Amino acid sequence: MNDCENVTVTEFYLTTFSTSRINEILIFIGFLLVYILAVVGNLIIIVLMLATIITGDKTISFLGCFIQLSFFIFCANSEIYILTSMAYDRYVAICSPLHYSLIITRKVCFTLATFYMILSVVNSVIFTLLISTLSFCSSQKINHFFCEVVPLMKLSSSDTKRMKVTLLMEDICVAGSLTFILTSYVRIISTVVKIRSSKGQLKALSSCSSHIITVLLYFGPSMFMYMKPESEDSKEEDKILSMLYVAVVPMLNPFVYSLRNKDVLGAARKMANLKGNRIALLLKK
């Protein structure tokens, strides 16, 4: 017999580790040290990569340059595909909310993620192999702060027609992704306009704000960089624009996505209230 059919459960209680309070504190310290070491390790890697600015040693090995190039291409393509997938997710959520759970299933998400990751890897390998076959006997000075496709092509003394064709195909794919994102938002806006209440319109648009900000920050500088006329003075501008989608966008991602997430904000408020209550109790004592 069900004795709690009239009781509404709003939360659960996690028992975590079945141990004493002292052991729980030790476990907390252990996990905290693990995460701190992970962060410190990444910071050390970042500092070592940026050490060339301070030390003045701006050399990079042939192998190191192409490893850097392959990771850059992989990450850049992955970001584009993720933004494209998110545009489709927002389109379904706003334009077909009743069918969202039927369309955006775990299988669909896993398939898209796997396909895009494989596509990014293949794309990275193809570009890296093609660039590595070029000759760089005339000059070894890359006019950039990291190994990128276009500066390496300009540096090469080989015929780069095949590379230019491949790069054009890549640009067409990127343009296709951007067109899909823009088309999705045209449909989204047309659906939002039909919503009668202003509160409903604001709620629908706010669910897309994080994605819109990231799309603008990522595609804006890269499009301006590749579409503007080329000149000697523009090379320094290209470096600054590259910094936006190489460093600034990843820096803002945690704030744009995580800090706008209701669960993250709720957890932060809960932690703040808990600490506030404990401090108040200590002050009373």
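Looking up the chain in an unreviewed UniProt entry gives the name G-protein coupled receptors family 1 profile domain-containing protein, with the organism given as Eleutherodactylus coqui. Recorded under Subcellular location (unreviewed entry), the UniProt text for the chain is reproduced unchanged: "Cell membrane".

Quick notes on the UniProt feature "transmembrane region" (unreviewed entry) in the chain
Sequence positions flagged by UniProt for "transmembrane region" (unreviewed entry) are, in local numbering, residues 25-54, 60-88, 108-131, 167-190, 202-220 and 240-259. Along residues 60-88, the helical share is 93% and the strand share 0%, with 40 Å between the first and last C-alpha atoms. With 100% helix and 0% strand, the stretch residues 108-131 has end C-alpha atoms that lie 34 Å from each other.

Looking at the confidence of the model for the chain
In this model, the chain carries a mean pLDDT of 78, and residues with pLDDT of at least 70 account for 75%. Within the chain, the lowest mean pLDDT, 67, falls on helix α9 (residues 262-284), and the highest, 89, falls on helix α4 (residues 106-132).

A closer look at the nonpolar core
Grouped together as the largest cluster of nonpolar side chains are 18 residues, with contacts concentrated most on L69, I131, F136, V149, L152 and M163. For this core, the secondary-structure elements that each account for two or more residues are α2 (62-95), α4, α5 (149-155) and α6 (161-194). Discounting chain neighbours no more than four positions away, the residues touching L69 are T128, I131, C147, E148, V149 and L152. Residues I80, V192, V215 and Y218 belong to the second largest nonpolar core, which totals 15 residues.

As for the packing of α2 against α4
As a packed pair, α2 and α4 sit with axes 8 Å apart at the nearest point and diverge in direction by 145°. At the point where α2 passes α4, the crossing takes the right-handed sense. In contact with F62, F66, L69, S70, I73, F74, N77, S78, Y81 and S85 of α2, α4 contributes Y116, M117, L119, S120, V121, N123, S124, F127, T128, I131 and S132. The class makeup of the residues in the contact of α2 with α4 is twelve nonpolar, nine polar and no charged.

A look at the state of the cysteines
The full count for this structure, using the stated rule, is one disulfide. Two residues, C65 and C147, share a disulfide whose sulfurs are 2.0 Å apart. Here the S-S torsion is close to -125°, and the disulfide linking C65 with C147 is therefore left-handed. Here C65 is found in helix α2, whereas its partner C147 is found in the loop between α4 and α5, with 82 residues between them in sequence. Taken individually, C65 and C147 each receive the classification buried, so the pair is uniform in this respect. Its sulfur unpaired, C95 is 8.8 Å from the next cysteine sulfur, which belongs to C208.

Observations concerning empty space enclosed by the protein
Evaluated as defined, the whole model comprises one cavity of 30 Å³ or more. Together, N77, I80, Y81, E170, C173, V174 and S177 line the largest cavity. Elements that contribute at least two residues to the lining of the largest cavity include exactly α2 and α6. Of all the elements, α6 adds the most residues to the lining of the largest cavity, at four residues. The residue makeup of the lining of the largest cavity, split by class, is four nonpolar, two polar and one charged.

With respect to the side chain of S124
Structurally, the position occupied by S124 is in helix α4. Judged by relative accessible area, S124 falls into the buried class, the value being 6%. When sequence neighbours within four positions are dropped, the list of residues in contact with S124 reads S70, I73 and F74.

Topic: the side chain of H211
Among the structural elements, H211 can be located in helix α7 (residues 198-227). Among the residues examined, H211 registers a relative accessible area of 2% and is labelled buried. Within the local environment of H211, its side chain forms a polar contact with the side chain of Y185, the two groups lying 2.6 Å apart. Setting aside anything within four residues of it in sequence, one finds H211 in contact with L83, M86, A87, I181 and Y185.

What counts, and where the lines are drawn
- Residues numbered from 1 in each chain as written.
- Predicted model: local features only at pLDDT ≥ 70, side-chain atom pairs only at ≥ 80, totals over all residues.
- Heavy atoms only, no water.
- UniProt positions renumbered as here; feature names shortened; annotations may be inferred.
- Helix = DSSP H or I, 4+ residues; strand = E, 2+ residues; numbered from the N terminus.
- pLDDT = per-residue confidence, 0-100.
- Core = buried A, V, L, I, M, F, W, Y, C linked by side-chain atoms within 4.5 Å.
- Buried < 20%, exposed > 50% of the residue type's maximum accessible area, 1.4 Å probe, protein only.
- Contact = heavy atoms within 4.5 Å.
- Axes fitted to C-alpha atoms, helices over the stretch in contact; angles between N-to-C directions.
- Left-handed = near helix turned anticlockwise from the far one by under 90°.
- Nonpolar A, V, L, I, M, F, W, Y, C, P; charged D, E, K, R; others polar.
- Disulfide = S-S within 2.5 Å.
- 1 Å grid on protein atoms, 1.4 Å probe; cavity = no way out; pocket = protein on both sides within 12 Å on 5 of 7 lines; lining within 4 Å.
- Points joined across faces, edges and corners; volume = space filled by probe spheres on them.
- Polar contact = N/O pair within 3.5 Å; in protein donor to acceptor, adjacent residues only side chain to side chain.

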